[in-house]
Amino acid sequence: MKHLVIATTATSTPMGAQKYETEITSRAHAALAAEGEQWQVQRVVSRSLRSPLPGDRRIPTGRLFKATRLERRILGGLIYKRRSLVHRMDLLLPPPPGPDVVTLHDVVSWKFSDESAPVKAAAHELRAADAVICVSQFTADEATELLGLKDPVVIPNGVDEDYFDAQPLDVETLNALGLRKPFVLYAGGSAARKNLPSLADAWRRIAGVRPEWSLALAGPTTPTRSKLFFGLPQLVHLGRLADELMPGLIASADAVVVPSLYEGFGLPALEAMAAGTPLLCSNRSSLPEVVGETGTLVSPTPEALAAGLEHVTSGSDEIVRLTFLARVRAAQFTWDRSARAHAQVWRSVR
């Protein structure tokens, strides 16, 4: 019997990467068994030495960021069984003594100074891995050019089926959140690549044209974000919301905006597409790859975003048509399909 270890790290603030980990792990055994092979699948969750979070291993996370390749290999030999195929879903984790598969969501650590610095040994370990899975062709191309990877495997993310079945939140829930329709929703972080200064400028330009609309910001509220949007009209700060609330919130929105300069995949765009909500997004990085021709894609400048907001909130027949096509396209991105593609990679590594 073959042994697959899916290695992840514990976190108190799950994001898109953790959604990916959960969905692939939960489907791994079934995807491998589809070919009649016998596999044992184990998820190993590592945490820092003092972390109160649940997990299976404790590792010196601070040390691992700057550890030498030799130090990381030694630790990997202590964490994993020698004959196991290990799929590392976090670059912080050390490489195993046996077959090594790694997921690379993006290369933002190497490109943006406000993001977490890259693990010192990560680029070398990616080049040495038996297989590297990238979530988009854009990320694969970036990794090939910037990190020297050869032949990374592209496997897109999926979208939760809850978004296809999502029902808009009732009036009482919307009121409790401080929302009233119609509203545009932004759901995401405040890193530089998210391009919030341009969104704020665009809203400043468009708010007077759409006085009945509001802009809702979901995601961690930071001093920088609060300052950036301070004084803008028709604005609602929602803060970080429970994951189970998001499908209904996106289905309730009258438009979703994704103004990013850089995304490794762009899950918020795909979630809006699945929920049947009109989408405005940047035409940069992986977003055109995910959205195709089913959304309003514009240059991520304040002027273009303002024009895009005016268009996507117009209720035109073109917006209705694109929203229908987007929902059809989103149905192609399933976690089952993604898991089956992962299983092909795992089988190929000996």
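Source: prediction; values computed, not measured.

1. Observations concerning the overall build of the protein chain
Secondary structure summary: the protein chain contains 15 helices and 13 strands in total. For the protein chain, contacts bridging at least 24 residues in sequence account for 64% of all contacts bridging at least 6. With 39 positive and 37 negative side-chain charges, the protein chain shows a spacing of 9 Å between the two charge centroids.

2. Here we look at the UniProt feature "domain: Glycosyltransferase subfamily 4-like N-terminal" (unreviewed entry) in the protein chain
The UniProt feature table records "domain: Glycosyltransferase subfamily 4-like N-terminal" (unreviewed entry) at residues 96-162. For residues 96-162, the helix share is 33%, the strand share is 16%, and the end-to-end C-alpha distance is 35 Å.

3. Comments concerning the nonpolar core
By size, the foremost hydrophobic cluster in this structure holds 38 residues, and its most contacted members are Leu179, Leu185, Leu238, Leu249, Leu270 and Leu279. What leucine 185 contacts, discounting residues up to four positions off in sequence, is Ala216, Ala218, Leu238, Leu249, Ile250, Ala253, Ala255, Val256 and Val257. Residues Val86, Val108, Ala140 and Ala143 belong to the second largest nonpolar core, which totals 30 residues.

4. Points about the sheet that holds strand β7 (residues 153-154)
Spatial ordering of the open sheet is given by β3-β2-β1-β4-β5-β6-β7, a layout of 7 strands whose pairing is parallel. Only two strands of the sheet have a single neighbouring strand rather than two, namely β3 (57-59) and β7. As judged from the 3 bridges shared by strand β4 (residues 85-88) and strand β5 (residues 100-104), these two strands associate in the parallel manner. Within β5, the position partnered with arginine 88 by the bridge is valine 102. Strands β1 (2-9), β2 (39-48), β4 and β5 of the sheet are contacted by helix α1 (residues 16-33), whose axis makes an angle of about 160° with β2.

5. Examining the sheet that holds strand β8 (residues 183-187)
Spatially, the 6 strands line up as an open sheet ordered β10-β9-β8-β11-β12-β13, and their pairing is parallel. Bordering the open sheet on either side are β10 (235-239) and β13 (296-298), each of which pairs with just one other strand. Here the average twist between neighbouring strands, direction ignored, is 20°. The pairing of β8 with strand β11 (residues 255-258) spans 2 bridges and is classified as parallel. Bridged to valine 184 within β11 is alanine 255.

6. Description of the packing of helix α11 (residues 267-275) against helix α14 (residues 317-330)
Interhelical geometry of α11 versus α14 gives an angle of 110° and a closest axis separation of 7 Å. On the basis of their axis angle, the class for α11 and α14 is roughly perpendicular. In the packing of α11 onto α14, the handedness of the crossing is left-handed. The segment α11 lies against α14, with Leu270, Met273, Ala274 and Ala275 engaging Ala326, Arg327, Arg329 and Ala330. Residues belonging to the contact of α11 with α14 are distributed by class as follows: 6 nonpolar, no polar and 2 charged.

7. A short note on the environment of alanine 7
Looking at where alanine 7 falls in the secondary structure, it is placed in strand β1. On the accessibility criterion, alanine 7 (1% relative accessible area) is buried. Counting along the chain gives 279 residues from alanine 7 to serine 286, while the straight-line C-alpha distance between them is 26 Å. Setting aside residues up to four positions removed in sequence, alanine 7 forms contacts with Val44, Tyr80, Val86, His87, Arg88, Met89, Asp90 and Leu93.

8. Quick word on the packing of aromatic side chains
Using the criterion set out here, one finds 4 aromatic pairs in the structure. Pairing tyrosine 20 with tryptophan 335 gives two aromatic rings, centres 6.4 Å apart and planes at 50°, and the pair type is tilted. Taken together, the residues span a long stretch of sequence, with tyrosine 20 in helix α1 and tryptophan 335 in helix α15 (residues 335-348) at a distance of 315 residues. Accessibility expressed as a relative area gives 4% for tryptophan 335, which makes it buried. Taking 6.2 Å as the distance between ring centres and 70° as the angle between the ring planes, the aromatic pair formed by phenylalanine 265 and phenylalanine 333 counts as edge-to-face. Linking phenylalanine 265 in the loop between β11 and α11 with phenylalanine 333 in the loop between α14 and α15, this pair joins segments that are 68 residues apart in sequence. Both residues of the pair, phenylalanine 265 and phenylalanine 333, belong to the buried class. By way of ring pairs, the aromatic residues Phe112, Phe138 and Tyr262 are connected into one cluster.

Definitions and cut-offs
- Residues numbered from 1 in each chain as written.
- Predicted model: local features only at pLDDT ≥ 70, side-chain atom pairs only at ≥ 80, totals over all residues.
- Heavy atoms only, no water.
- Helix = DSSP H or I, 4+ residues; strand = E, 2+ residues; numbered from the N terminus.
- Contact = heavy atoms within 4.5 Å.
- Lys, Arg positive; Asp, Glu negative; His and termini not counted.
- Charge placed at Lys NZ, Arg CZ, Asp CG, Glu CD.
- UniProt positions renumbered as here; feature names shortened; annotations may be inferred.
- Core = buried A, V, L, I, M, F, W, Y, C linked by side-chain atoms within 4.5 Å.
- Buried < 20%, exposed > 50% of the residue type's maximum accessible area, 1.4 Å probe, protein only.
- Pairing = 2+ DSSP bridges.
- Axes fitted to C-alpha atoms, helices over the stretch in contact; angles between N-to-C directions.
- Parallel < 35°, antiparallel > 145°, perpendicular 65-115°, else oblique.
- Left-handed = near helix turned anticlockwise from the far one by under 90°.
- Nonpolar A, V, L, I, M, F, W, Y, C, P; charged D, E, K, R; others polar.
- Phe/Tyr/Trp six-rings, centres within 6.5 Å; stacked < 30°, edge-to-face > 60°.

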